[in-house]
Amino acid sequence: MWKLKSNIYNVSRQALEESLYMIGNGYLGVRGSFEEGYVSGESVRGTYINGLYDRIPMIHAEMAYGFPTEQDRQPRVLDTQTCEIYLDGERVHLLDGKFTDYHRTLDFQTGETTRTYRYFTSIGKSAEISFRRLASLEHVNFLLYKIEVEYDGEIEFISLCDTEVENYSNPKDPRIGQGHTKLMSLLSLVGYDQVVYASMRTATTNIEQAVAISHKILHTLYGTLEHHKHEGKLFTHVKAYGHVGLEKKCVFTDGLRFSSPLDRARELLEKYDSYDYDYFLELQKEFLDNFWYHSGIEIQGDSEAQLALRMKQFHLLQSVGVDRFSNVAAKGLSGEGYEGHYFWDTEIYILPVLQMNQPEKAKALLNYRHSILPFAKERAIQLGHIKGAAYAWRTISGIECSGYFPAGTAQYHINADIAYAFIQYYLYTDDELFMAEKGFEVILETARLWMDLGDYHNGTFQIHTVTGPDEYTALVNNNYYTNAMAKYHLEWTYKMYKLLDSSKHESVKHLFEDLVNRLNINYAELRAMKTASEKMFFLYDETHKMYAQDDTFLTKPMWPVNEEAFSHRPLLLNYHPLTIYRHQILKQADTLLAHMLLEQYVTEDDIKNAFNYYEPITTHDSSLSTCIYGIMASRCGFNDKAFEYFSESLMLDLKDTHKNTKDGLHMANMAGSILSVTAGFAGLRICQDCIILRPQKPTSWDEFSFKLNYQGRLLKVTIGDETKLELLEGEGIYVKIWDRMHYVETVKPPVKAVVFDLDGVLTETSKAHFEAWKMLASELGFEVPDELEDKVRGISRLDSLEIVLTYGNLNEVYTDEEKVDLANHKNDLYLDLIKGYTPENLSLGAVSLLTELREKGIKIALASASKNAPFLLEAMGITAYFDVVVDPASIENGKPEPDIFLKASELLGITPGYCIGVEDAYAGIESIKAAGMTPMGIGSKTVLSNCDTVFSGLESFHNFLLDHSIIK
């Protein structure tokens with residue numbers, strides 16, 4: 001459940017899988033194109049940098065004042081993916097009959113993609129070929145490839161640095177860019193020794209972009225490497241024999257972030273010259289250990305949903321901008337749909353996910369919105385407003401890039417969406433300083449626009465000629481969503497002014513005073529905003545007992561769904577906009593989305609009646625729709641329908657239900673699917689004074705859990721037959737579950753001891769153990785598969801023997817005495833394998849961890865089922881660190897029974913509740929839990945599915961103990 005897998009290569013799914021198997025890190029994204037290339041089929045061979053843009057002309061057949069004349073477009077940057085492979089001069093291509101054993105994975109724990117297959121040449125020889133790549137989440141400028149070939153003959157790699165790239169275009173689909181595909185021009189391209197340097201520049205914005213690439217030949221001392229340049233392509237030829245690998249380390253930089261991108265790329269490459277692929281992979285594992293600990297959603301009882309949800313969480317992580325120059329494009333960094341533009345999706349779908357447990361990333365995205373505020377103020381003037389800011393509907397640099405104003409610029413609600421995100425950030429973090437520095441400025445300037453855009457009529461404040469989230473209904477008066485969000489926006493502008501004005505923090509006071517003077521803020525203006533909020537108009541329909549989507553929506557005829565002429569989908573590709581606008585038909589949730597975000601403005605009946613009315617007339621042509629309907633179905637108690645919508649949303653990209661995933665993954669849908677669990681099934685809402693939960697677990701799930709960061713606290717929520725709350729960090733807090741308040745406080749005894757397993761934790765002897773079992777099985781006349789390794793891990797020698805013999809159908813053949821002899825013989829084989837162990841065989845980080853535990857007064861014990869443990873401790877020089885080494889002969893029952901860990905506790909003289917147990921085996925974790933200790937796993941989350949907290953290695957475990965003040 002931690003890997004997306006494909007064991008079949010299908011040319012018709014080529015472009016789709018390029019999106020699904022993309023890798024990125026928020027700065028850089030690379031589609032999952034084959035390094036060796038394709039023979040046929042559609043492909044979008046793209047690499048993208050978040051925030052990088054060129055500008056192209058926007059042509060209008062009939063121009064009008066205020067129409068944009070140019071637009072941003074994210075350029076495809078130079079290609080480093082391509083690496084052709086030749087075996088005895090024959091190029092490797094995946095053709096029918098030429099390959100077997102094809103396997104492809106995207107690993108959510110390691111953050112890398114892998115692809116392997118066996119290839120057959122025309123002369124009947126075979127080769128084992130593997131590809132690995134990762135985009136470093138820790139060092140975001142780095143992209144790495146590792147290609148290996150085993151072949152009895154000449155092997156040649158031709159690695160390509162291709163600057164002759166153009167963007168993808170499709171004139172038949174408005175969601176894809178049209179024309180102006182050549183956005184980058186070459187400045188320099190050179191290769192010498194093992195390095196290639198290239199720099200390019202955007203065509204009109206003149207932003208430089210550079211790459212430095214190092215090539216390292218692996219597994220042979222006799223390989224040759226040379227470069228050849230042809231126009232805008234630089235070819236690096238590598239030749240060798242037998243077994244050869246090529247490691248490519250690519251550093252991407254750009255002129256938005258660096259004054260001299262090429263120099264910076266060179267500096268970074270030289271700085272990390274001695275660090276190989278495996279070094280970056282270990283950093284990746286550590287990063288993801290931390291990510292999954294804080295952000296992971298665990299589902300028990302539905303492995304398909306668990307895998308799909310993890311995929312969405314991982315892809316969202318790969319696409320979220322990492323600095324003030326970037327945001328989250330509609331397709332992330334996975335493709336060219338919507339031309340790399342940022343929309344309201346970020347604030348209403350993606351930021352609510354990040355604010356739960358990635359507050360720094362949320363803050364970075366808000367910083368981006370603040371950085372483009374000058375463009376929003378300029379746009380407001382272009383639209384005829386006296387003051388305030390009007391954020392662009394779609395943009396990269398800040399300018400308006402929507403050419404169709406009825407469904408673009410008219411969506412003024414984006415102002416309130418952005419303000420809502422800042423307000424929610426404040427509610428989650430209580431970060432007054434950030435609000436004084438940047439947040440309130442954005443909230444105020446966007447609020448000022450409502451005061452200019454709206455006007456009073458019959459004593460109510462009304463907003464005319466706008467478009468709400470439903471793009472099938474345009475240019476209306478008093479769109480419910482727009483008015484509700486504006487009401488909240490204006491209300492909070494006044495509240496935030498009062499909060500900052502009365503702040504007790506000196507730094508906040510000074511910043512706020514400066515802001516008041518700079519923006520010419522006066523109390524009368526804020527009071528007028530509060531009044532407008534209180535007087536906001538909403539049309540309530542007495543017939544249906546609900547709020548109307550706008551002033552005229554309910555007067556229109558229904559879309560004739562039963563007529564053949566009106567049955568084509570999606571509507572936007574099959575009918576003129578005016579035809580759509582004249583009917584009651586929705587593209588996506590509108591009024592209902594407002595009810596989700598601002599339920600305090602309506603009653604329970606209002607919500608249910610709105611759901612029952614609007615749901616049947618919604619097409620869900622937008623990928624943003626089904627998740628909201630699912631969340632609101634949960635809110636209404638329509639649990640079966642909620643799960644149906646969740647399942648549809650969850651599989652949108654995996655099953656390509658909108659038939660455009662090849663153009664990139666749907667980021668807002670991914671975030672919406674995550675919200676379907678937290679805001680939907682858990683019913684999570686954040687209010688000014690508390691957290692609210694309304695849990696409604698899907699009947700097919702056993703339980704699910706997630707964590708929440710809230711104002712310096714880390715709260716774990718587990719929802720099964722009952723709801724369990726655990727405060728892992730921070731001061732006590734009240735949480736409202738349905739209508740009852742619950743006080744939650746940290747109840748965690750201090751850690752006084754750590755009890756380690758040996759094999760697979762402090763040293764990797766488990767491989768040697770399994771190799772010995774394989775040798776014994778071979779002597780007995782059968783072979784054991786690799787899958788058996790995890791089953792014999794961490795249990796006694798005789799228990800392991802039973803598993804091995806059972807697999808070979810020999811369990812009843814031997815007497816007990818003979819089995820003891822076989823187990824001892826296996827041990828002799830094992831001892832031969834490990835007799836050369838030294839301190840070099842310790843797991844990475846073992847000594848520093850043991851040393852710090854010693855220095856901090858934490859007791860240390862060993863609870864290993866191996867009778868060879870004392871020998872190994874001595875051989876590796878760590879015996880002195882241990883206060884207790886449990887003799888497995890002294891216990892009655894092996895793991896998963898708790899005996900060995902209870903014995904460690906007894907010998908230490910410390911109650912189990914004050915101990916952490918560290919294991920790499922499923923049975924070991926069960927043993928720790930049964931003993932009443934806190935379990936921590938080392939290894940694979942797939943294997944250790946029974947453990948909440950799993951680390952890739954001891955260094956990650958050590959960092960976790962320090963970061964969470966478990967050892968002080």
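Reading the values: the criteria
Residues numbered from 1 in each chain as written. Predicted model: local features only at pLDDT ≥ 70, side-chain atom pairs only at ≥ 80, totals over all residues. Heavy atoms only, no water. UniProt positions renumbered as here; feature names shortened; annotations may be inferred. Helix = DSSP H or I, 4+ residues; strand = E, 2+ residues; numbered from the N terminus. Rg over C-alpha atoms; globule rule 2.2 N^0.38 Å. Buried < 20%, exposed > 50% of the residue type's maximum accessible area, 1.4 Å probe, protein only. Contact = heavy atoms within 4.5 Å. Areas by Shrake-Rupley, 256 points an atom, 1.4 Å probe, with all protein chains shown as cover. Lys, Arg positive; Asp, Glu negative; His and termini not counted. Charge placed at Lys NZ, Arg CZ, Asp CG, Glu CD. Axes fitted to C-alpha atoms, helices over the stretch in contact; angles between N-to-C directions. Parallel < 35°, antiparallel > 145°, perpendicular 65-115°, else oblique. Left-handed = near helix turned anticlockwise from the far one by under 90°. Nonpolar A, V, L, I, M, F, W, Y, C, P; charged D, E, K, R; others polar. Disulfide = S-S within 2.5 Å. Phe/Tyr/Trp six-rings, centres within 6.5 Å; stacked < 30°, edge-to-face > 60°. Lys NZ or Arg CZ within 6 Å of the ring centre and 35° of its normal. Patch = residues over 30% accessible without salt bridge, like charges linked within 9 Å, V, L, I, M, F, W, Y side chains within 5 Å. Salt bridge = Lys/Arg side-chain N within 4 Å of Asp/Glu carboxyl O. Core = buried A, V, L, I, M, F, W, Y, C linked by side-chain atoms within 4.5 Å. Polar contact = N/O pair within 3.5 Å; in protein donor to acceptor, adjacent residues only side chain to side chain. Pairing = 2+ DSSP bridges. Expected span 1.5 Å × (residues − 1).

An unreviewed UniProt entry annotates the protein chain as Beta-phosphoglucomutase of Fusibacter bizertensis. Quoted verbatim from the Sequence similarities (unreviewed entry) field of the UniProt record, the comment on the protein chain reads "Belongs to the HAD-like hydrolase superfamily. CbbY/CbbZ/Gph/YieH family."

(A) Representation of the overall build of the protein chain. Assigned secondary structure in the protein chain consists of 26 helices and 35 strands. The C-alpha radius of gyration of the protein chain comes to 30 Å, within 12% of the 30 Å expected for a compact globule of 968 residues. With respect to the principal axes defined by its C-alpha atoms, the protein chain has extents near 95 × 70 × 60 Å. Looking at the 968 residues of the protein chain, the share that counts as buried comes to 61%. Here the contacts in the protein chain between residues at least 6 apart in sequence split such that 67% fall between residues at least 24 apart. If you sum the accessible surface of the protein chain, you get close to 37,100 Å²; carbon and sulfur atoms cover 49% of it. Of the charged side chains in the protein chain, 93 are positive and 136 negative; the average position of the first set lies 4 Å away from that of the second.

(B) View of the packing of helix α15 (residues 604-614) against helix α16 (residues 625-636). Contact geometry for α15 and α16: axes closest at 10 Å, N-to-C directions at 135°. Considering their axes alone, α15 and α16 lie oblique with respect to each other. Handedness of the α15/α16 crossing: left-handed. The segment α15 lies against α16, with E604, I607, K608, F611 and Y614 engaging Y629, M632, A633, R635 and C636. Among the residues making up the contact of α15 with α16, the classes are represented as seven nonpolar, no polar and three charged.

(C) Expanded view of the state of the cysteines. With the rule as written, the count across this model stands at zero disulfides. C627 takes part in no disulfide bond, and the closest cysteine sulfur, belonging to C636, lies 15 Å away.

(D) Structural detail: the packing of aromatic side chains. If you walk through the whole model with that rule in mind, you get 58 aromatic pairs. Judged by centre distance (4.2 Å) and plane angle (40°), the ring pair of Y275 and Y279 falls under tilted. The class of Y279 is partly exposed, set by a relative accessible area of 28%. Here F643 and W701 contribute two aromatic rings whose centre-to-centre distance is 6.0 Å and whose plane-to-plane angle is 85°, an arrangement assigned as edge-to-face. Here F643 is found in helix α17 (residues 639-650), whereas its partner W701 is found in the loop between β24 (691-693) and β25 (703-710), with 58 residues between them in sequence. For W701, a relative accessible area of 1% translates into the label buried. Here the aromatic residues Y9, F34, Y38, F99, Y102, Y117 and F131 are joined through ring pairs into a cluster of three or more. Across the ring face of W2, the terminal group of R310 is positioned such that the distance to the ring centre comes to 3.6 Å. For the cation-ring pair, K487 lies above Y601, with the distance from its terminal atom to the ring centre recorded as 5.3 Å.

(E) The UniProt feature "domain: Glycoside hydrolase family 65 C-terminal" (unreviewed entry) in the protein chain, seen in detail. The UniProt entry lists residues 684-740 under the feature "domain: Glycoside hydrolase family 65 C-terminal" (unreviewed entry), expressed in the numbering used here. For residues 684-740, the helix share is 0%, the strand share is 58%, and the end-to-end C-alpha distance is 14 Å.

(F) Structural context of a negative patch on the surface. Where like charges cluster on the molecular surface, the negative patch consists of D501, E506, E513 and D514. Looking at the negative patch element by element, the count peaks at three residues for helix α11 (residues 506-518). With respect to the helices, strands and loops of the structure, D501 is situated in helix α10 (residues 480-501). Note on D501: relative accessible area 47%, which makes it partly exposed.

(G) Looking closely at the nonpolar core. Judged by nonpolar contacts, the single largest core of 188 residues is most densely connected at W344, Y349 and L593. Those residues in contact with L593 that sit more than four places away from it in its chain are W344, I348, Y349, P469, Y481 and I628. Membership of the second largest hydrophobic core comes to 55 residues, among which are L762, A777, Y830 and I966.

(H) Highlighting the environment of E506. Its location among the elements puts E506 in helix α11. Relative accessible area serves as the criterion here: at 48%, E506 is assigned to the partly exposed category. Considering only alpha carbons, one finds E506 and L433, 73 residues apart in sequence, at a separation of 9.9 Å.

(I) Focus on the environment of E779. Within the element layout of this structure, E779 appears in helix α19 (residues 766-780). Given the relative accessible area of 48%, E779 is considered partly exposed. Considering only alpha carbons, one finds E779 and S567, 212 residues apart in sequence, at a separation of 69 Å. Not counting the four nearest positions on each side in its chain, E779 is found in contact with H825 and L829. Reaching out from E779, the side chain makes a polar contact with the side chain of H825 at a distance of 2.8 Å.

(J) View of a nonpolar patch on the surface. Judged by side-chain polarity, Y734, M741 and Y743 come together as a nonpolar surface patch covering roughly 340 Å² of accessible area. Inspection of the secondary structure assignment puts Y743 in strand β29 (residues 740-744).

(K) Looking closely at the sheet that holds β29. Ordered in space as β23-β24-β28-β29, the four strands form an open sheet in which the pairing is mixed. The sheet is open, and its two edges are formed by β23 (685-686) and β29, each paired on a single side. When β24 meets strand β28 (residues 733-737), the two strands line up parallel, connected through three bridges. If you follow L693 over to β28, its bridge partner there is I737.

(L) Structural detail: the side chain of E336. Considering the arrangement of structural elements, one finds E336 in the loop between α4 (303-319) and α5 (345-357). A polar contact of 2.6 Å, which involves the side chain of E336, links it to the side chain of Y48. Ignoring any residue separated from it by four or fewer positions in sequence, one finds E336 in contact with V44, Y48, R76, N167, Y168 and D663.

(M) How the structure looks around helix α8 (residues 413-429). The end-to-end C-alpha separation of α8 is 24 Å, in line with the 24 Å expected for 17 residues at 1.5 Å each. The element α8 is extensively covered by neighbouring structure, given that 16 of its 17 residues are classed as buried. Looking one or two residues beyond α8, the residue adopting positive phi is D430, at roughly 60°.

(N) Quick peek at unusual backbone geometry. Following R569, the chain continues to P570 via a peptide bond in cis, the omega torsion being -5°. Here P570 lies in the loop between β22 (546-547) and α13 (577-581). A cis amide bond, omega 20°, links K895 with the succeeding residue P896. Along the polypeptide, P896 turns up in the loop between β32 (884-885) and α24 (899-908). Phi angles above zero are rare outside glycine, and T465 is one such case at about 55°. Tracing the backbone shows T465 in the loop between β20 (460-462) and α10. Overall, T465 belongs to the partly exposed group, its relative accessible area being 46%.

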